[in-house]
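# Analysis of the macromolecular model
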Amino acid sequence: MAKVLIRLDSTPLRALGCARLRCMSEAVDSRYPLGRFVRPEKVSAAVLEEALAEIAALPAALRAAVAGLGEDQLLTPYREGGWTVRQVVHHVVDSHVNSYTRMKLALTEDEPTILPYDENAWAALKDGVDAPVEWSLVLLEMLHARWVMLLESLTPKQWQRGFVHPEHGRLVLESVALMYAWHGRHHVGHITALRAARGW
(Lines give C-alpha, C1' and ligand atoms only; values in the text may rest on other atoms or scores of the structure.)
Protein backbone atom coordinates (compact mmCIF):
# COMPACT_ATOMS: atom_id res chain seq x y z
CA MET A 1 0.00 0.00 0.00
CA ALA A 2 1.09 3.55 -0.65
CA LYS A 3 2.08 5.54 2.40
CA VAL A 4 -0.32 8.34 3.22
CA LEU A 5 1.09 11.62 4.47
CA ILE A 6 -0.85 14.40 6.12
CA ARG A 7 0.17 17.99 6.43
CA LEU A 8 -1.48 20.97 8.05
CA ASP A 9 -3.17 23.17 5.51
CA SER A 10 -5.47 26.16 5.57
CA THR A 11 -8.00 24.47 3.26
CA PRO A 12 -10.73 22.57 5.13
CA LEU A 13 -11.43 19.13 3.68
CA ARG A 14 -14.32 18.18 5.93
CA ALA A 15 -15.80 15.92 3.27
CA LEU A 16 -12.78 13.67 3.76
CA GLY A 17 -12.94 13.96 7.54
CA CYS A 18 -9.61 15.75 7.44
CA ALA A 19 -10.62 19.21 8.73
CA ARG A 20 -7.48 21.33 8.22
CA LEU A 21 -5.50 18.29 7.17
CA ARG A 22 -4.80 17.56 3.55
CA CYS A 23 -4.57 13.84 2.77
CA MET A 24 -2.25 13.05 -0.11
CA SER A 25 -2.13 9.52 -1.46
CA GLU A 26 -2.62 7.46 -4.59
CA ALA A 27 -3.96 4.49 -2.64
CA VAL A 28 -5.57 4.44 0.78
CA ASP A 29 -4.08 2.16 3.41
CA SER A 30 -7.03 0.56 5.27
CA ARG A 31 -5.09 0.98 8.53
CA TYR A 32 -4.98 4.75 7.97
CA PRO A 33 -8.14 5.80 6.10
CA LEU A 34 -7.37 9.50 6.71
CA GLY A 35 -3.60 9.17 6.46
CA ARG A 36 -0.95 9.10 9.16
CA PHE A 37 -0.56 11.90 11.67
CA VAL A 38 2.41 14.20 11.04
CA ARG A 39 3.40 16.60 13.80
CA PRO A 40 3.64 20.17 12.50
CA GLU A 41 6.65 22.31 13.31
CA LYS A 42 4.40 25.20 14.35
CA VAL A 43 0.78 25.24 15.48
CA SER A 44 -1.39 28.27 14.77
CA ALA A 45 -4.12 29.39 17.14
CA ALA A 46 -6.74 28.59 14.47
CA VAL A 47 -5.51 25.02 14.03
CA LEU A 48 -5.39 24.49 17.79
CA GLU A 49 -8.91 25.87 18.17
CA GLU A 50 -10.18 23.49 15.50
CA ALA A 51 -8.45 20.56 17.20
CA LEU A 52 -10.28 21.35 20.45
CA ALA A 53 -13.58 21.54 18.57
CA GLU A 54 -12.90 18.11 17.07
CA ILE A 55 -12.03 16.64 20.47
CA ALA A 56 -15.31 18.06 21.78
CA ALA A 57 -17.25 16.60 18.84
CA LEU A 58 -15.71 13.12 18.92
CA PRO A 59 -18.12 11.41 21.36
CA ALA A 60 -21.11 12.28 19.15
CA ALA A 61 -19.22 11.30 15.99
CA LEU A 62 -18.25 7.92 17.42
CA ARG A 63 -21.78 7.31 18.67
CA ALA A 64 -23.14 8.11 15.20
CA ALA A 65 -20.57 5.81 13.58
CA VAL A 66 -21.85 2.76 15.50
CA ALA A 67 -25.54 3.71 15.61
CA GLY A 68 -27.80 0.83 14.64
CA LEU A 69 -25.06 -1.80 14.42
CA GLY A 70 -26.03 -5.27 15.61
CA GLU A 71 -23.94 -7.77 17.54
CA ASP A 72 -22.55 -9.47 14.43
CA GLN A 73 -21.53 -6.13 12.99
CA LEU A 74 -19.84 -5.04 16.23
CA LEU A 75 -17.85 -8.29 16.11
CA THR A 76 -16.64 -7.60 12.55
CA PRO A 77 -12.98 -6.55 12.18
CA TYR A 78 -12.64 -3.19 10.45
CA ARG A 79 -9.96 -4.78 8.25
CA GLU A 80 -8.44 -8.22 7.87
CA GLY A 81 -6.38 -8.91 11.00
CA GLY A 82 -7.66 -5.75 12.67
CA TRP A 83 -9.73 -5.08 15.76
CA THR A 84 -13.47 -5.56 15.78
CA VAL A 85 -15.70 -2.50 15.72
CA ARG A 86 -16.35 -3.06 19.44
CA GLN A 87 -12.60 -3.16 20.17
CA VAL A 88 -12.08 0.04 18.19
CA VAL A 89 -14.66 1.85 20.33
CA HIS A 90 -13.12 0.60 23.56
CA HIS A 91 -9.61 1.42 22.30
CA VAL A 92 -10.56 5.05 21.72
CA VAL A 93 -11.51 5.37 25.39
CA ASP A 94 -8.39 3.51 26.58
CA SER A 95 -6.17 5.76 24.49
CA HIS A 96 -7.89 9.01 25.39
CA VAL A 97 -7.91 8.23 29.12
CA ASN A 98 -4.16 7.73 28.86
CA SER A 99 -3.69 10.97 26.93
CA TYR A 100 -5.84 12.98 29.37
CA THR A 101 -3.76 11.63 32.27
CA ARG A 102 -0.48 12.35 30.49
CA MET A 103 -1.52 15.92 29.79
CA LYS A 104 -2.45 16.48 33.44
CA LEU A 105 0.92 15.06 34.48
CA ALA A 106 2.64 17.49 32.10
CA LEU A 107 0.71 20.38 33.63
CA THR A 108 1.52 19.44 37.22
CA GLU A 109 4.99 17.90 37.04
CA ASP A 110 8.28 18.95 35.48
CA GLU A 111 8.72 17.10 32.17
CA PRO A 112 7.48 13.71 33.42
CA THR A 113 8.45 10.56 31.57
CA ILE A 114 5.22 8.72 30.86
CA LEU A 115 4.65 4.98 30.81
CA PRO A 116 3.65 3.55 27.42
CA TYR A 117 1.06 0.78 27.24
CA ASP A 118 0.48 -2.15 24.89
CA GLU A 119 -2.71 -1.15 23.08
CA ASN A 120 -3.15 -4.56 21.46
CA ALA A 121 -2.90 -6.30 24.85
CA TRP A 122 -5.43 -3.85 26.29
CA ALA A 123 -7.79 -4.48 23.37
CA ALA A 124 -7.54 -8.23 23.97
CA LEU A 125 -8.64 -8.00 27.62
CA LYS A 126 -12.16 -9.07 28.56
CA ASP A 127 -13.59 -5.54 28.71
CA GLY A 128 -12.04 -4.67 25.35
CA VAL A 129 -13.53 -7.75 23.70
CA ASP A 130 -16.93 -8.13 25.36
CA ALA A 131 -18.07 -4.94 27.13
CA PRO A 132 -21.06 -3.16 25.58
CA VAL A 133 -20.01 -0.26 23.37
CA GLU A 134 -22.47 1.95 25.26
CA TRP A 135 -20.23 1.83 28.33
CA SER A 136 -17.35 3.35 26.39
CA LEU A 137 -19.57 5.83 24.56
CA VAL A 138 -20.85 7.22 27.88
CA LEU A 139 -17.37 7.22 29.40
CA LEU A 140 -16.00 9.06 26.35
CA GLU A 141 -18.69 11.74 26.65
CA MET A 142 -17.78 12.46 30.27
CA LEU A 143 -14.04 12.22 29.65
CA HIS A 144 -14.13 14.63 26.73
CA ALA A 145 -16.30 17.11 28.63
CA ARG A 146 -13.61 17.34 31.31
CA TRP A 147 -10.75 17.20 28.80
CA VAL A 148 -12.11 20.07 26.73
CA MET A 149 -12.76 22.13 29.87
CA LEU A 150 -9.12 21.62 30.85
CA LEU A 151 -7.72 22.36 27.38
CA GLU A 152 -9.79 25.52 26.95
CA SER A 153 -8.29 26.86 30.19
CA LEU A 154 -4.65 26.55 29.10
CA THR A 155 -2.44 29.59 28.63
CA PRO A 156 0.02 29.84 25.73
CA LYS A 157 2.79 28.98 28.18
CA GLN A 158 0.94 25.88 29.41
CA TRP A 159 0.42 24.66 25.84
CA GLN A 160 4.22 24.47 25.58
CA ARG A 161 4.57 22.20 28.61
CA GLY A 162 5.29 18.61 27.77
CA PHE A 163 6.09 15.09 28.76
CA VAL A 164 8.69 12.61 27.58
CA HIS A 165 7.55 9.49 25.76
CA PRO A 166 10.25 6.76 25.96
CA GLU A 167 9.82 5.97 22.24
CA HIS A 168 8.89 9.36 20.75
CA GLY A 169 10.80 11.84 22.88
CA ARG A 170 9.42 15.12 24.23
CA LEU A 171 5.87 15.99 23.20
CA VAL A 172 4.34 19.39 23.90
CA LEU A 173 0.65 19.66 24.73
CA GLU A 174 -0.37 21.58 21.64
CA SER A 175 1.00 18.78 19.44
CA VAL A 176 -0.68 16.16 21.61
CA ALA A 177 -4.02 17.94 21.18
CA LEU A 178 -3.67 17.85 17.40
CA MET A 179 -2.63 14.20 17.55
CA TYR A 180 -5.74 13.22 19.50
CA ALA A 181 -8.06 15.26 17.31
CA TRP A 182 -6.63 13.18 14.45
CA HIS A 183 -6.81 9.97 16.51
CA GLY A 184 -10.54 10.29 17.00
CA ARG A 185 -11.19 10.94 13.29
CA HIS A 186 -8.85 8.08 12.45
CA HIS A 187 -10.88 5.49 14.35
CA VAL A 188 -14.27 6.89 13.34
CA GLY A 189 -12.90 6.53 9.80
CA HIS A 190 -12.21 2.83 10.39
CA ILE A 191 -15.84 2.25 11.31
CA THR A 192 -17.43 4.44 8.65
CA ALA A 193 -15.20 2.97 5.93
CA LEU A 194 -16.24 -0.55 7.01
CA ARG A 195 -19.91 0.45 6.98
CA ALA A 196 -19.58 1.93 3.52
CA ALA A 197 -17.76 -1.14 2.20
CA ARG A 198 -20.36 -3.52 3.68
CA GLY A 199 -23.38 -1.39 2.84
CA TRP A 200 -24.36 -1.01 6.49
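First, a word on what this report is: a plain description of the structure on this page. Sequence order as written defines the numbering, with residues in each chain counted from 1. Totals for whole chains, interfaces and linings use all residues, but because this is a predicted model, local features are given only for residues with pLDDT of at least 70 and pairs of side-chain atoms are given and counted only at 80 or more. The basis for every side-chain value is the complete set of non-hydrogen atoms in the structure, without hydrogens or water.

Attention shifts here to the pairing of strand β3 (residues 162-165). With four bridges connecting them, β3 and strand β4 (residues 169-172) associate as antiparallel partners. Within the sheet, the bridge partner assigned to G162 lies in β4 and is V172. Any two strands with at least two DSSP bridges between them are considered paired. Where helices and strands are cited, they refer to DSSP runs of H or I of at least four residues and of E of at least two residues respectively, numbered from the N terminus. Connecting the antiparallel pair β3 and β4 is a turn made up of three residues.

Looking at the element boundaries, S30 is found in the loop between β2 (21-24) and α1 (45-66). Judged by relative accessible area, which is 39%, S30 ranks as partly exposed. By definition, residues are in contact when any of their heavy atoms lie within 4.5 Å. If we ignore the near neighbours within four places in the chain, the residues touching S30 are Y78, R79 and H190. The cut-offs for exposure are 20% and 50% of the maximum accessible area for each residue type, with area from a 1.4 Å probe on protein chains only; residues under the lower value are buried, those over the upper are exposed, and the others partly exposed.

For the purposes of this section, nonpolar cores are sets of buried Ala, Val, Leu, Ile, Met, Phe, Trp, Tyr and Cys residues that join through side-chain atoms within 4.5 Å. Counting residues in hydrophobic clusters, the biggest one holds 28 residues, and the most contacted among them are M103, L151, W159 and L173. Among the elements that make up this core, the one with the highest residue count is helix α8 (residues 173-198) (seven residues). What L173 contacts, discounting residues up to four positions off in sequence, is M103, A106, L107, L154, Q158, W159, R161 and F163. Listed in part, the 20 residues of the second largest apolar core include L58, V93, I191 and L194.

What follows is about helix α6 (residues 133-152). Between its first and last C-alpha, α6 extends 28 Å over 20 residues, near the 28 Å set by a 1.5 Å rise per residue. Within the sequence span of α6, burial applies to V133, S136, L137, L140, L143, H144, W147, V148, L150 and L151. Buried positions in α6, seen along its axis, are confined to an arc of 145° and lie on one side of it. In α6, those exposed residues whose orientation departs by more than 90 degrees from the buried face are W135, M142, R146 and M149. Contacts from the buried residues of α6 go to α1, α2 (71-74), α3 (85-108), α7 (156-159) and α8. A helix is expected to span 1.5 Å for every residue after the first. Regarding the arc, it is the one traced by the directions from the helix axis to the C-beta atoms.

What follows deals with the pattern of salt bridges. Any carboxyl oxygen of Asp or Glu within 4 Å of a side-chain nitrogen of Lys or Arg constitutes a salt bridge here. As enumerated under the stated definition, the model contains six salt bridges in all. As a salt-bridge pair, D130 and K126 come within 2.7 Å of each other at their nearest N and O atoms. Here D130 pairs with K126, and both are found in helix α5 (residues 126-130), just four residues apart, close to one helical turn. The exposure class of K126 is exposed, given its relative accessible area of 62%. What you see here is one network of salt bridges that share partners, running through R63, E134 and E141.

The next point concerns the packing of aromatic side chains. Two rings belonging to Phe, Tyr or Trp (six-membered ring only in the last case) form a pair when the distance between their centres is within 6.5 Å. Interplanar angles under 30 degrees mark stacking, angles over 60 mark edge-to-face geometry, and anything in between is tilted. One pass over the full model with this rule turns up three aromatic pairs. Summarising the aromatic geometry, the rings of F37 and W182 are spaced 6.0 Å apart at their centres and angled 45° between planes, so their arrangement reads as tilted. Of this pair, F37 sits in the loop between β2 and α1 while W182 sits in helix α8; the two residues are 145 residues apart in sequence, bridging distant segments of the chain. Under the relative-accessibility criterion, W182 is labelled buried at 8%. When the centroid spacing of 4.5 Å and the interplanar angle of 50° are considered together, the rings of Y117 and W122 count as tilted.

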